[in-house]
Amino acid sequence: MNKPPLQPSFPKASMALFERAAKVVPGGIYGHASPALTVPGAFPYYAVRAEGCRYWDADGVEYLDFMCGYGPIILGHNHAGVEDAAAHQRRLGDCFNHPAPVMVELAEYMVSLVDFADWAVFGKNGSDMTTWAVQVAREFTGRKKILKASGAYHGKDAWCSPGHGGLIEEDRRHIHNFRWNDLDALESWFKTHGEQAAAVILTPYHHPAFGDSEMPSQEFWPTVRRLCDKHGALLILDDVRAGFRLHGGGSHRFFGFEPDISCYCKAIANGYPISAALGRKEFKAAASRVFLTGSYWNGAVAMSAALACLQTLEKEKAIEKMAAAGEMLRDGLLALASKFNSPLVISGPPSMPSVRLAHDDNFERTQEFCAIAAREGLFFHPHHNWFLSVAHDGAAITESLRRAERAFVSFKSTVS
Amino acid sequence: MDFCSHDTLLARLHMEALLPVIRFFIEETPEGKAVTESWQDWHWEMRWHVMGIGKTTLLFDRATVGVACQPRRLHLLFLSPFQLNSIFLKKGFSLPLPLSGFSLLFSHLPRFQSLADQFEKIMRGNRHENAPLRCLLAIKTAILSAAVLAECEQESHDLISGCTPGLALFKLGQTNLGWIRWDGRHATGGLDTLPEPPTVTVSFTSTALLQAALDGQLDQLAAVGLCDIQVCGLAPLADVFGLIMDRANKYLQP
Ligand SMILES: Cc1ncc(COP(=O)(O)O)c(C=O)c1O
């Protein structure tokens, strides 16, 4: 019995690296970048360089990038303004015994951007902030229970990890789930657990892997807010993925509600490692009592990059540009899908679309299509929402659609 | 959801996982066929009936015999799961009630026992002897066990209950090993015809990989990345079934 032959165009250097990695790294590549979560044998495994909305893999093959590093790249890879700010700070120093002045500047700037917020703290990854925010809610309320939406991702920590290894029952004893948009379930949970409820943590809309994105119903956010207020629980917005891609003031503005604490990460520094949590003044004292630090958490380069990135987003009208590019991509893909009689389901906001073939609930045909698209130099993910950046301009989308058309032609021929 | 007692769970594993794999052993493998070769009577069936659980039938029927009549039946009633388990665990032996085929009890029950001994010898024997066969029998047992566990064991049910319904098919090369289906409330499993197209297919490219997976020694993510295991479709469902399959060892020691 043999392995099936790899696709003729399979990036050989990626596989050669992966064969070495598999010997010295558990999983070869772990986490969200694991080939197991894409289409192994059809997607590149290692990237070498990137520019704007393109990147090149270990074999030198160019891809139009519709994942943007799974979100962080919002202005485009290697953005000059952000790189200059980072380089300037790097020359001064990055890892000191103290925070650099830029930390204060960044906190002030973010607090000015996010309307409900009075304070900001910083970490490195989204999980740092979601886990810490949950602790702040517990500290403030003196309660234990946390409610989240089933299938929502809030990070790699034990209370919410989608993995199973290394967990103990106690890790999730006080973590409860309800189905997104199921307001009856929400009401009924509060009826039963309201007095023990520390927080509800939710993403601004539901963007599960292996599923369509789901927008909140009209009553969703007002009901969540009302129930949290009624029962004295905090409303934590996990805006790690969508933050600053939907609205320049945070995604709660896009949906018209106010959280108590919100967590950001992906889009705030165009790829530099930094995350942030912002909150209301009522929770500042509790926040100050929840220990928060890490060896690199005061890193000044990432903070400088964040400041430059957020200022550029505002200046460049990034949200409007990404939404327009997303709409152009969506309309173009739907037109191709109808031309080739391979209907697509596209859900979620245009700048973060979730795309799959219709009548393909198990994603198998979508995986085939995305594998073919990869051969055409398109990094389309088969079961995770995509990300657009400001660098995805009209020309890039036009070129992507041309490549997508070729992918549809090949896909059609494999189906028939 | 009511979960089973340990005895009931074990009895269901014996009835719904082990016996069907023994059936596969005698019907589909040369080693199993060799055990039953010397039998004179080749047209009988054994019906295992455990109060409160249900029935499983093993039919010993050689196609070449071409007998049209009904097979002779040894129908054994076990008054409790414990009574059934003690036969499999060889912990004491209290005779089940023969509801029919009393005359076969002393001639044919020992036949089954020699068959079961042979099965056990392969499963527990030297790791390097009969490795491919042992691996095949073990994975099939694990697949069917996972369906029982997802139904009856709290931990397994908790794992599966968050999953999108669907059917996971496990293959070795082009050969189907078995399937497990979760409909959102109940789990079922089988070794032969699929009741619906698979939601996810997991194909191992070699017995050695399968063995490593069964032994908990496989870096599965790396194996998938290397295309040594192919996963097609809704991967999270297969992951969860894989975790539940691992739990079967807790009950059925290989
Ligand atoms: C909504 C959401 N929350 C939290 C996280 C965790 O962020 P990180 O991977 O940076 O820890 C992610 C990461 O994808 C996410 O999408």
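Residues numbered from 1 in each chain as written. Chains lettered and ligands numbered in written order. Predicted model: local features only at pLDDT ≥ 70, side-chain atom pairs only at ≥ 80, totals over all residues. Heavy atoms only, no water.

A. Focus on the overall build of chain A. Helix and strand counts for chain A come out as 12 helices and 13 strands. A compact globule built from 416 residues would reach a C-alpha radius of gyration of about 22 Å, and chain A, at 22 Å, matches this within 12%. For the C-alpha atoms alone, the extent of chain A along its principal axes is close to 60 × 55 × 45 Å. Put simply, chain A has 416 residues, and 57% of those count as buried. (Helix = DSSP H or I, 4+ residues; strand = E, 2+ residues; numbered from the N terminus. Rg over C-alpha atoms; globule rule 2.2 N^0.38 Å. Buried < 20%, exposed > 50% of the residue type's maximum accessible area, 1.4 Å probe, protein only.)

B. A look at the site of the ligand. Residue and element names in this part refer to chain A. In the vicinity of the ligand there are 13 residues, among which G126, S127, D238, R241 and K266 approach most closely. Here G126 contributes a backbone N or O atom positioned 2.7 Å from an oxygen atom of the ligand. Between an oxygen atom of the ligand and a side-chain N or O atom of R241, the distance comes to 2.8 Å. Classifying every residue of the shell around the ligand by side-chain character gives three nonpolar, seven polar and three charged. (Near = heavy atom within 4 Å. Polar contact = N/O pair within 3.5 Å; in protein donor to acceptor, adjacent residues only side chain to side chain. Nonpolar A, V, L, I, M, F, W, Y, C, P; charged D, E, K, R; others polar.)

C. Spatial organisation of the sheet that holds strand β2 (residues 54-61) of chain B. Residues and elements named next belong to chain B. Strand order in this open sheet of four strands is β2-β1-β3-β4, and the pairing throughout is mixed. Of all the strands in the sheet, just β2 and β4 (97-100) have a single pairing partner and so form its edges. Neighbour-to-neighbour, the strand axes of this sheet turn through a mean angle of 25°, independent of strand direction. Bridge count for strand β3 (residues 72-78) against β4 is three bridges, and the pairing is antiparallel. Bridge pairing links L77 to L97 in β4. Contacts from helix α1 (residues 6-28) reach β1 (43-50) and β2, with the element oriented near 5° to β2. In the packing of helix α4 (residues 105-124) onto the sheet, contacts are made with β1, β2, β3 and β4, and the angle to β3 comes to roughly 75°. (Pairing = 2+ DSSP bridges. Axes fitted to C-alpha atoms, helices over the stretch in contact; angles between N-to-C directions. Contact = heavy atoms within 4.5 Å.)

D. Expanded view of the environment of P165(B). Its location among the elements puts P165(B) in the loop between α6 (154-161) and β5 (166-172). When neighbours within four sequence positions are excluded, P165(B) is seen to be in contact with W182(B), D183(B), G184(B) and T199(B).

E. Representation of the domain arrangement of chain B within the structure. All names here are of chain B. By the assigned domains, chain B splits into domain 1 (6-124) and domain 2 (131-250). Between the C-alpha centres of domain 1 and domain 2 there is a distance of 25 Å. When domain 1 packs against domain 2, close to 1,400 Å² is buried across both sides, 84% of that on carbon and sulfur atoms. For the interface between domain 1 and domain 2, the tally reads zero residue pairs in polar contact (both at pLDDT 80 or more). Secondary-structure elements contributing two or more residues to the side of domain 1 that touches domain 2 are α1 and α4. (Domains from an automatic or database assignment. Buried area = accessible area lost by both parts, 1.4 Å probe.)

F. Representation of the domain arrangement of chain A within the structure. Residues and elements named next belong to chain A. Per the domain assignment, the segments making up chain A are domain 1 (12-75 + 317-415) and domain 2 (80-315). Centre-to-centre, using C-alpha coordinates, domain 1 lies 27 Å away from domain 2. Counting from both sides, the interface comprises 26 residues of domain 1 and, opposite them, 25 residues of domain 2. Both sides together, the interface formed by domain 1 and domain 2 hides about 2,200 Å², and carbon and sulfur atoms give 60% of it.

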